[in-house]
Amino acid sequence: MRDAGNELDCDVLVIGGGPAGSTAATLLARRGRTVLLLEKDRHPRFHIGESLLPCNLPIFDTLGVMEKVRALGVVKHGADFESGDGYQTFHFRRALGDSPPHAFQVKREDFDAMLFAHARENGVDAREGVKVESVALGGIGNVVAQATDADGAPLTVRAKYVIDASGRDTLLGSALKIKHRNPSHQSAAIFAHFTGVERRPGEDAGNISIYNFAHGWSWFIPLPDGIMSVGCVCWPEYLKQRRGRNEEFLLATLDSMPDAARRMKNATMVSEVRVTGNYSYSCERMAGPGWIMAGDAFAFVDPVFSSGVYLAMHGATQAAGVVDAALAEPAREAALQRAFARRIRRGIRVFSWFIYRFNSPVMRGLFASPRNVWRVEDGVISMLAGDVFDSGPVRLRLALFKAIYAIGGLLMLPRFVRDLANRRRQARYRFSGGNTPVDPC
């Protein structure tokens, strides 16, 4: 890498030092490419998305960070969904195929910092506090980026290729005006960390727990050091009702779910309450001459199935292969990018189909009382494990699940119409600061 003070030359510029950026940078450096990884913030920095999937584990093995993740995390054997008589637990060991039987829950600030440092250990020029302001795209070998370091000094980067792993900043998506909010699914989240939250017993102590309420769903994610990440994903119109302190709104929302409220009885908040809104979006395309996107830079959907980090790291792994091959044989770039886009979109579609329907009465009923006829339930567990790209048996079971859902939807159509009318009526309410919405009329 040529370094001339405020000018740098490299093979690949990676924008964003989260899981996607650090993964792609590490893999490209191992293939002999000179890689510059720029992160606008400094590690450790808070980030949501603390629940990992079993299909993350083979990527950890490839990167050589499995033991580092194990030291940072809490073992997660499955996912708990509230049902009428307690919990319906989907244990990952029942998944079809070869996905690992467990995953981890991690504090993202520690996890991301570890991956970033690991990239540096593998020969990446990884720099923090450097914000990329703009990128001029001229095809392979003709990428020029303008950046600013923490002291405000300018930096010009000339690269053969650029990977946008900038997360929700979606640097290229915004610059190219190809980023769009997802009209099919808009949601918002409010969340915090707590101590003293009751954990599930035995081997399920590390599971993520999901609870439904009238306006969305909530998560309980066990983290190291006795911390529990607790949050609620809500329809935006519900979140807009809040008045006063965010803490009161979050606790009142949790109090509307009896079992969640029971687990929170002795809880103490140990972080600020954070709110993020309308975060479902996607870009029209994820690659072009001399550039490619990975992770949230391309798209993000509701986190109910904890797919974000896995999709980011899987996409980054695939993107690194595309970039390396395109640099070696530029004539193959377009074909490589098309295959990459088809693969990533396929995985996102699988998760999205479930996510867009998760709060429907039919889906709630199926997750609360699943039946394993023809191993359909095991196929759903495979999806929860992250097996959404290659497995034919999984795709077959998910197709059967969709058929079951469609039949259930026809049977429950009257209830769906009634629930939709109730939601529209409740959207007129405002939050009173307690447990009961108050009609302003």
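Remember, predicted model here, so these are calculated numbers, not experimental data.

> Whenever I open this one, empty space enclosed by the protein confuses me. Can you help?
By rolling a water-sized probe across the atoms, one finds the places where empty space is left. Counted according to the given criterion, the structure contains 4 cavities of 30 Å³ or more. A volume near 170 Å³ is recorded for the largest cavity. Elements that contribute at least two residues to the lining of the largest cavity include exactly strand E22 (299-300), helix H9 (308-328) and helix H10 (333-357). Tallying contributions element by element places H9 first for the lining of the largest cavity, with 4 residues. Across the lining of the largest cavity, the residue classes break down as 13 nonpolar, 4 polar and 1 charged.

> Hey, could you run me through the packing of H10 against helix H13 (residues 392-411) in this one?
Helix-helix packing is described using two parameters, namely the angle between the two axes and the distance between the axes. At a minimum axis separation of 12 Å, H10 and H13 run at an interaxial angle of 25 degrees. Judged by the inter-axis angle, H10 sits roughly parallel to H13. Every pair of crossing elements has a handedness; the one defined by H10 and H13 is left-handed. Counting all contacts with H10, which are made through Val350, Trp353, Phe354 and Arg357, the residues of H13 involved are Leu398, Phe401, Lys402 and Tyr405. Broken down by class, the residue content of the contact of H10 with H13 amounts to 6 nonpolar, no polar and 2 charged.

> Is there a simple way to think about a positive patch on the surface in this case?
Residues Arg168, Lys179, Arg181 and Lys240 make up a contiguous surface patch of positive charge. Within the element layout of this structure, Arg181 appears in strand E12 (residues 179-181).

> Teacher, can you tell me more about the pattern of salt bridges here?
Throughout the structure, instances matching the rule amount to 25 salt bridges. For Asp112, the salt bridge identified is with Arg108, shortest N-O distance 2.8 Å. Highlighted residues: Asp112 and Arg108, both in helix H4 (residues 108-121), separated by 4 residues, approximately one helical turn. Summarising the burial analysis for this pair, Asp112 and Arg108 share the class buried. A network of salt bridges, in which partner residues are shared, links Glu39, Arg45, Arg108 and Asp112.

> Just checking my understanding: could you explain the nonpolar core for this structure?
Nonpolar side chains in soluble globular proteins tend to be buried together. If you look at the biggest cluster of nonpolar residues, it comprises 120 residues, and the most contacted ones within it are Leu13, Phe111, Phe305, Phe354 and Met383. Counting residues per element, this core draws most heavily on H9, which supplies 13 residues. Once residues lying within four places of it in the same chain are set aside, the contact partners of Met383 are Phe305, Val350, Phe351, Phe354, Val388 and Leu398.

> Even after reading the chapter, I still don't get the sheet that holds strand E19 (residues 281-283), so can you show me in this structure?
Here 3 strands make up an open sheet; going across it, the order is E12-E19-E22 and the pairing antiparallel. Each of the sheet's edge strands pairs with one partner strand only, and the pair in question is E12 and E22. Here E19 pairs with E22 via 2 bridges, running antiparallel. Residue pairing across strands places Tyr281 opposite Phe300, the latter belonging to E22.

> Looking at this structure, I do not really get the layout of surface pockets. What am I missing?
Reported here for the largest pocket is a volume of approximately 1,100 Å³. Taken together, 49 residues form the lining of the largest pocket, with His47, Arg108, Gly167, Arg168 and Asp296 sitting closest to its centre. Contributing elements (two or more residues each) for the lining of the largest pocket: helix H1 (19-30), strand E3 (35-39), strand E9 (131-137), strand E13 (188-195), strand E15 (216-222), strand E18 (274-277) and H9. In the lining of the largest pocket, the residues fall into 24 nonpolar, 14 polar and 11 charged.

> Quick question: what am I supposed to make of the packing of aromatic side chains here?
Scanning all chains against the criterion turns up 22 aromatic pairs. Aromatic pair Tyr87 and Tyr211: ring centres 6.0 Å apart, planes at 70 degrees, arrangement edge-to-face. Here Tyr87 is found in strand E6 (residues 86-91), whereas its partner Tyr211 is found in strand E14 (residues 208-213), with 124 residues between them in sequence. Take Tyr87 and Tyr211: they sit in the same class, and that class is buried. Note on Trp353 and Phe401: the rings are 6.3 Å apart at their centroids and 80 degrees apart in plane angle, and the pair reads as edge-to-face. In this pair, Trp353 sits in helix H10 while Phe401 sits in helix H13, placing the two residues 48 residues apart along the sequence. Under the relative-accessibility criterion, Phe401 is labelled buried at 6%. Members of the aromatic cluster, joined through ring pairs, are Phe81, Phe90, Phe305, Trp353, Phe354, Phe358, Phe367, Phe401 and Tyr405. Positioned over the ring face of Tyr281 is Lys179, at 4.4 Å from the centre of the ring. A cation over an aromatic ring shows up here: Arg200 above the ring of Tyr87, its NZ or CZ 4.0 Å from the ring centre.

The rules behind the values
Residues numbered from 1 in each chain as written. Predicted model: local features only at pLDDT ≥ 70, side-chain atom pairs only at ≥ 80, totals over all residues. Heavy atoms only, no water. 1 Å grid on protein atoms, 1.4 Å probe; cavity = no way out; pocket = protein on both sides within 12 Å on 5 of 7 lines; lining within 4 Å. Points joined across faces, edges and corners; volume = space filled by probe spheres on them. Helix = DSSP H or I, 4+ residues; strand = E, 2+ residues; numbered from the N terminus. Nonpolar A, V, L, I, M, F, W, Y, C, P; charged D, E, K, R; others polar. Axes fitted to C-alpha atoms, helices over the stretch in contact; angles between N-to-C directions. Parallel < 35°, antiparallel > 145°, perpendicular 65-115°, else oblique. Left-handed = near helix turned anticlockwise from the far one by under 90°. Contact = heavy atoms within 4.5 Å. Patch = residues over 30% accessible without salt bridge, like charges linked within 9 Å, V, L, I, M, F, W, Y side chains within 5 Å. Areas by Shrake-Rupley, 256 points an atom, 1.4 Å probe, with all protein chains shown as cover. Salt bridge = Lys/Arg side-chain N within 4 Å of Asp/Glu carboxyl O. Lys, Arg positive; Asp, Glu negative; His and termini not counted. Charge placed at Lys NZ, Arg CZ, Asp CG, Glu CD. Buried < 20%, exposed > 50% of the residue type's maximum accessible area, 1.4 Å probe, protein only. Core = buried A, V, L, I, M, F, W, Y, C linked by side-chain atoms within 4.5 Å. Pairing = 2+ DSSP bridges. Phe/Tyr/Trp six-rings, centres within 6.5 Å; stacked < 30°, edge-to-face > 60°. Lys NZ or Arg CZ within 6 Å of the ring centre and 35° of its normal.

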